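# What the coordinates show
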Amino acid sequence: MVAKYTTNELMAVTASRLLKDGENVVVGLGLPQIAALLAKSTHAPRLNIIYEIGVINPEAEEMGVGIADPRLWNESECFTSFVGTLGSILQKGLIDVGFLGGLQVDKYGNINSTSIKTEKGYRHINGSGGAADIATFSKRLMIIMKHEKRKIIEKVDFLTSVGYLNGRNSRSEAGLPMCQDIKIITNLCVFGFDEEERSLKLLSVHPGITLEEVVENTGVEFKIPEMVKYTEEPTEKEVDLLRNSIDPLKMYIK
Amino acid sequence: MVAKYTTNELMAVTASRLLKDGENVVVGLGLPQIAALLAKSTHAPRLNIIYEIGVINPEAEEMGVGIADPRLWNESECFTSFVGTLGSILQKGLIDVGFLGGLQVDKYGNINSTSIKTEKGYRHINGSGGAADIATFSKRLMIIMKHEKRKIIEKVDFLTSVGYLNGRNSRSEAGLPMCQDIKIITNLCVFGFDEEERSLKLLSVHPGITLEEVVENTGVEFKIPEMVKYTEEPTEKEVDLLRNSIDPLKMYIK
Amino acid sequence: MSKLKTLKEVVAEIPDGAHIALGGFAITRCPVAFVFEMIRQKKKDLTVSQIVAGMETDLLVGAGLVKKLEYSGGSLDRFGRLERINDKIDKGLLDIREYSGMSMSMRFLAGSLGVPFIPTKALLGTEMLKNLIAKNDPEVKVCESPFDGDKYVYLKALRPDYSVIHAQYADEKGNVIIEGPYWDAETAKSAKKLIVTVEQVVSTKFIKKFPEKVIVPSVYTYAVVEVPYGAYPTAVYKFYDYDREMLENYAKVNKSEEEFNKFLDEYVFGTKDFTEFIEKVGGVDRVNKIKADPSYGY
Amino acid sequence: MSKLKTLKEVVAEIPDGAHIALGGFAITRCPVAFVFEMIRQKKKDLTVSQIVAGMETDLLVGAGLVKKLEYSGGSLDRFGRLERINDKIDKGLLDIREYSGMSMSMRFLAGSLGVPFIPTKALLGTEMLKNLIAKNDPEVKVCESPFDGDKYVYLKALRPDYSVIHAQYADEKGNVIIEGPYWDAETAKSAKKLIVTVEQVVSTKFIKKFPEKVIVPSVYTYAVVEVPYGAYPTAVYKFYDYDREMLENYAKVNKSEEEFNKFLDEYVFGTKDFTEFIEKVGGVDRVNKIKADPSYGY
């Protein structure tokens, strides 16, 4: 049965359904983590969730303010180092899905989490952390971000994390391991990438959103399939889990 | 006061006195371990003893049959991996003294612990384990072995662990880190190496042993100083510690 | 031959221009007491290396002690950004070398192993690599592996003069127990001299009860400094939670150089040591409020 | 999606010619039960890689399953030598590749990290290196570091088809707890498929009580096989001591091919599985005699 839901809830549910049971995922805090926990509570109880700080499969009772928050380390299966997580589990190719946010994403799925060009010059924001590595070594990438014209663009101001680089075979020509799939989940729609050019392509539009709204809010051209699908809606159970057990304090899901 | 002592006890005591307080040593089982424990019980309470299997500073109550014997792991300060001991502590250059035995040693301090040439061809005995690495990366090397004509020779049958290689600068020319000092402690004498040629040189003869006996039992020529010193004798306290607290079962000290 | 030192003496011996690696991560186990003392003693021209930077790094950079920073970014988690670092980068006042988190960790790993470099696919295709190459950074080279002919980034081993981490326990020999994840293990082990500030100095007898928790054995350690609450207001798992109010305040003041300097004047220069700082912010009452629940560790 | 398997089924799927890394060390935590089953199922043409070999490797080589052996030597500690291995080497019946212990461990480390190789000074000047080069071994190259121009041995990452270790505990997800030193951690993590035989399968709830003892987290693990006494007659810290009598006997029989084959006939081919073997050597009575004292672990 379809539930009433917020946009954030729809994004979390959409992302969670893209995770398969038994997969290994690296997530950062916020919607990625919420989505992973939702998957674990529903169809993917054997999902392995790895945090770059050195924590594997914790059972947090509170959400915490970031992966450096000890709330997130509660009841872990393993404590290790940065080398033990990204340096080994990720670099060895064991991560199925890397789950990232970002300041900007471009038409080849490259992500900027470092700095933004303004009229007064560059404005440094954050940096890569493990994001660049996660994009380099994960088999699949999922990007969750807010849909704004200045955020989904032709070319990122700073290429922190490599998606399909300049499209086609350019990623592997630059020496990077293969990336099987990239999806972008926004508050308006889900994007994928076409198989040949590896450039942005609409996959589905969220219920209640028009194609025009998506085009209007996107800063770059993208491919549109002949038949535009709607994103599948959350079930009551999923919404209930998000509201009452995964993020009851509504830290990330509004 | 000088004690009555056995040759093995003299060897252990001589080796122990070459260890300084606060130094880090890698030892294998047998006399090297006995010597390190004796040093720790006397003048070097802060000696750090590292076993390649991944054990640091245990307080064994029994001697055990080898470093793989859990008797040796009792009350350790740290458990780690082979990479954690030799791969990191040793390779990073933190080991002051490497303590080795061997089947043969040659006039440049190279050690064979792998195989022996016989009339019927090579006879494989053991192999390097960590010995080659310990010889490569320790700042100083101490070799303890039985004094026999076929064991201290011109050239080892198989060069497992590098001492001064072919003498003079050949070790560093081969790309190895510097070795500050090598000493060989046998049941007859203590050998060192001369500073220029880096070839075998007598340092002291054990009390009761004649220079002729040493020459007779050595399979290679060595330098003899004008005044031959005697090895200093053990004290009663040292012998007492060896007999009554370090190796009371006389597993290694006879 | 105890390795115990006071914070003042250990900081006093660090020369201007030293290369220092820091162990904090955003808002957790940040060596804040160490950094306060560095600022008090007015060190300068430091090179700082870190995997993911935290509050302590923002303080050090904001106070003007740092000439060069190698890191993969950082934040105050949801509290805010490292705006003192960001500001100096934007104004060109910091020689900045950006990496990814893993590539920084691999540089520390190589340093801790004593190998000259480690080859990796990390950084390939990124703007961080492009910038490092444009700056002729001697720490990275793009090479072809002699085994498979494939392209790799060779990362030179990082051997900082000092690494400084904050941990829960150490004995006076320098055996360090870290509770929880230990992202900073390789940072610690890579140093020429490792300084560990700890919540509590314990006996070697205690250490021997938990040999599997000794992430840094004594052979790596140069100095142990006991500084209770030494990471405050950031969190120390099993000891205390971060101080939300203080971090919110910091995330506000670090947005302006002026406000930040007032913060330094009040809390760093306005106190003679970390104990006085803790007293100033509320002493026992304040730290008791963030005391960790023993079953959760926060 | 439990990773629990039986020994028979996990061995059955290993093809002839497989490349297997073993985790034992002389007389401790040797995967003896695994090796017995390999011999029963008559595998052949194996390549075996190991840091320091132990009793299990001597059995595997002696039984003729191994074509190629990469290791740094090994022994039965003071009980004796790995004479089946020595004999095959002397007779030229084994493609032998000798390393030092650390160079083997660095090869496994590179495999576990997913990097293509690691440069090291280990092996330089040794006869092991000379022989590897003479055999055109593709795993080692002597190169100059592009950073300092210095000479290093580049060791190619080792990625065995299977690694097999014996540990104290695992849960059915594959989180592995190792008590005591864990020389075999990188051996385990380097594999394409990691098989862990354990004394006891435990709940994930138990695992979560000791996250610092989980040396191999589940992401690395392919199969978990519960085999109580699976390392007998070698020791398992905290579970049981080595069986002195059995090891002395083995160190006698492995000096002669004939005696060794009788040993196999009696204990390996003469029993249908490891339980029957344990029964045959004395069952509960025998293993109770070597039960570990909980305060010493041996």
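In the block above lies the structure referred to throughout.
What follows deals with the overall build of chain A. Looking only at helices and strands, one finds seven helices and 15 strands in chain A. Expected size for 254 residues packed as a compact globule is a radius of gyration near 18 Å; at 17 Å, chain A falls within 12% of this value. Taken along its principal axes, the extent of the C-alpha atoms in chain A is 45 × 45 × 35 Å. Expressed as a percentage of its 254 residues, the buried residues of chain A come to 64%. For chain A, the share of sequence-separated contacts (at least 6 apart) that also reach a separation of at least 24 residues comes to 65%. Of the charged side chains in chain A, 29 are positive and 34 negative; the average position of the first set lies 2 Å away from that of the second.

A separate point is the overall build of chain C. Along its length, chain C carries 12 helices and 12 strands. The principal-axis extent of the C-alpha atoms belonging to chain C is close to 60 × 50 × 35 Å. For chain C, the proportion of contacts with a sequence separation of at least 24, taken over those separated by at least 6, is 75%. Of the accessible surface of chain C, which amounts to about 9,700 Å², a share of 46% is contributed by carbon and sulfur atoms. The centroid of the 42 positive side-chain charges in chain C is displaced by 3 Å from the centroid of its 43 negative side-chain charges.

Over the atoms, a rolling probe the size of a water molecule traces out where space has been left empty. One pass over the full model with this rule turns up three cavities of 30 Å³ or more. Its volume calculated, the largest cavity comes out at about 700 Å³. Lining the largest cavity are 39 residues; nearest its centre among them are Tyr182, Glu186 and Lys189 of chain C together with Tyr182 and Glu186 of chain D. Per-class residue counts for the lining of the largest cavity are 23 nonpolar, 10 polar and six charged.

Residues and elements named next belong to chain A. Neither face of strand 5 (residues 97-100) is left uncovered, since the one carrying Val97 and Phe99 and the one carrying Gly98 and Leu100 both have all their residues buried. As defined by bridge partners, strand 1 (residues 24-27) adjoins strand 5 across three bridges and the pair is classed as parallel. Looking at strand 5, one finds that Val25 is bridged to Val97. Summarising the sheet, strand 5 and strand 10 (residues 140-144) pair through four bridges and their orientation is parallel. By the bridge assignment, Phe99 is partnered in strand 10 with Met142.

The geometry of an aromatic ring pair comes down to the distance between the two centres and the angle between the two planes. For the structure shown, the criterion picks out 49 aromatic pairs over all chains. A connected cluster of aromatic rings, assembled from ring pairs, spans Phe36, Tyr232, Tyr250, Phe260, Phe263, Tyr267, Phe274 and Phe277 of chain C. Here the basic side chain of Arg84 of chain C rests over the ring of Phe260 of chain C, its NZ or CZ set 5.9 Å away from the ring centre. Directly above the ring of Trp183 of chain D sits Arg29 of chain D, whose terminal nitrogen or CZ lies 4.2 Å from the centroid.

All names here are of chain C. Pairing is antiparallel in the open sheet, where three strands are placed in the order 5-7-6. Lying at the two open borders of the sheet, with one neighbouring strand each, are strand 5 (117-120) and strand 6 (140-144). When the angles between neighbouring strand axes are averaged without regard to direction, this sheet yields 30 degrees. The pairing of strand 5 with strand 7 (residues 151-156) spans four bridges and is classified as antiparallel. When the bridges of strand 7 are listed, Pro119 appears paired with Tyr154. Lying on the sheet, helix 5 (residues 101-113) is in contact with strand 5 and strand 7; it crosses strand 5 at an angle near 145 degrees.

In terms of nonpolar packing, the biggest core is built from 389 residues, with Leu59 and Leu60 of chain C together with Leu59 and Leu60 of chain D touching the most fellow members. Beyond its immediate sequence surroundings of up to four residues, Leu59 of chain C is in contact with Val32, Val35, Phe36, Ile39, Tyr250, Phe260, Phe263 and Leu264 of chain C. Counting 10 residues, the second largest nonpolar core, distinct from the first, contains Cys143 and Tyr154 of chain C together with Phe147 and Tyr152 of chain D.

Bringing the interface of chain A and chain C into the picture now. Residue-level contacts link 52 residues of chain A with 53 residues of chain C. Across the chain A to chain C interface the summed buried area is about 4,100 Å²; carbon plus sulfur atoms make up 58%. Contact with chain C buries surface across chain A, with Val65, Phe82 and His124 of chain A losing the most and accounting together for 16% of the total. Taken together, the links from chain A to chain C amount to three salt bridges. A salt bridge links Glu83 of chain C to Arg123 of chain A, with the nearest nitrogen and oxygen atoms 2.9 Å apart. At the boundary of chain A with chain C, the tally comes to 27 residue pairs in polar contact (both at pLDDT 80 or more). Elements with a contribution of two residues or more to the side of chain A that touches chain C: helix 3 (82-90), strand 9 (121-124) and helix 4 (131-137) of chain A. Tallying contributions element by element places helix 3 of chain A first for the side of chain A that touches chain C, with five residues.

This next bit is on the interface of chain D and chain B. In this assembly, 53 residues from chain D lie in contact with 52 residues from chain B. Approximately 4,200 Å² of surface area, both sides summed, lies buried where chain D meets chain B, with 58% of it carried by carbon and sulfur atoms. A per-residue breakdown of the area chain D buries against chain B is headed by Arg78, Met102 and Tyr298 of chain D, which together make up 16% of the total. Here chain D and chain B share three salt bridges between them. Residues Arg123 of chain B and Asp90 of chain D are paired through a salt bridge, measuring 3.0 Å at the closest nitrogen-oxygen approach. Applying the counting rule to chain D against chain B returns 27 residue pairs in polar contact (both at pLDDT 80 or more). Among the secondary structure elements, those contributing two or more residues to the side of chain D that touches chain B are helix 4 (83-90), helix 5 (101-113), helix 6 (127-134) and helix 7 (185-189) of chain D.

Bringing the pattern of salt bridges into the picture now. Enumeration according to the criterion identifies 81 salt bridges over all chains in this entry. A salt bridge links Arg46 of chain A to Glu172 of chain D, with the nearest nitrogen and oxygen atoms 2.9 Å apart. On the criterion of chain membership, the pair formed by Arg46 of chain A in the loop between helix 2 (31-41) and strand 2 (48-51) and Glu172 of chain D in the loop between strand 8 (162-170) and strand 9 (176-177) is interchain, its members lying in two chains. Taking the shortest distance from any N to any O, the salt bridge between Arg150 of chain A and Glu148 of chain A comes out at 2.9 Å. Via salt bridges that share partners, Glu62, Asp69 and Arg71 of chain A together with Asp241 of chain C belong to a single interconnected network.

This paragraph deals with the packing of helix 1 (residues 7-17) of chain B against helix 2 (residues 31-41) of chain B. Residue and element names in this part refer to chain B. Running from N to C, helix 1 and helix 2 point in directions that differ by 60 degrees, and their axes come no closer than 8 Å. Relative to helix 2, helix 1 is oriented oblique. Like other packed secondary-structure pairs, helix 1 and helix 2 cross with a definite hand, here right-handed. Residues Asn8, Met11, Ala12, Val13, Ala15 and Ser16 of helix 1 form the contact with helix 2, whose participating residues are Leu31, Ile34, Ala35, Leu38 and Ala39.

Parameters and conventions
- Residues numbered from 1 in each chain as written.
- Chains lettered and ligands numbered in written order.
- Predicted model: local features only at pLDDT ≥ 70, side-chain atom pairs only at ≥ 80, totals over all residues.
- Heavy atoms only, no water.
- Helix = DSSP H or I, 4+ residues; strand = E, 2+ residues; numbered from the N terminus.
- Rg over C-alpha atoms; globule rule 2.2 N^0.38 Å.
- Buried < 20%, exposed > 50% of the residue type's maximum accessible area, 1.4 Å probe, protein only.
- Contact = heavy atoms within 4.5 Å.
- Lys, Arg positive; Asp, Glu negative; His and termini not counted.
- Charge placed at Lys NZ, Arg CZ, Asp CG, Glu CD.
- Areas by Shrake-Rupley, 256 points an atom, 1.4 Å probe, with all protein chains shown as cover.
- 1 Å grid on protein atoms, 1.4 Å probe; cavity = no way out; pocket = protein on both sides within 12 Å on 5 of 7 lines; lining within 4 Å.
- Points joined across faces, edges and corners; volume = space filled by probe spheres on them.
- Nonpolar A, V, L, I, M, F, W, Y, C, P; charged D, E, K, R; others polar.
- Pairing = 2+ DSSP bridges.
- Phe/Tyr/Trp six-rings, centres within 6.5 Å; stacked < 30°, edge-to-face > 60°.
- Lys NZ or Arg CZ within 6 Å of the ring centre and 35° of its normal.
- Axes fitted to C-alpha atoms, helices over the stretch in contact; angles between N-to-C directions.
- Core = buried A, V, L, I, M, F, W, Y, C linked by side-chain atoms within 4.5 Å.
- Buried area = accessible area lost by both parts, 1.4 Å probe.
- Salt bridge = Lys/Arg side-chain N within 4 Å of Asp/Glu carboxyl O.
- Polar contact = N/O pair within 3.5 Å; in protein donor to acceptor, adjacent residues only side chain to side chain.
- Parallel < 35°, antiparallel > 145°, perpendicular 65-115°, else oblique.
- Left-handed = near helix turned anticlockwise from the far one by under 90°.

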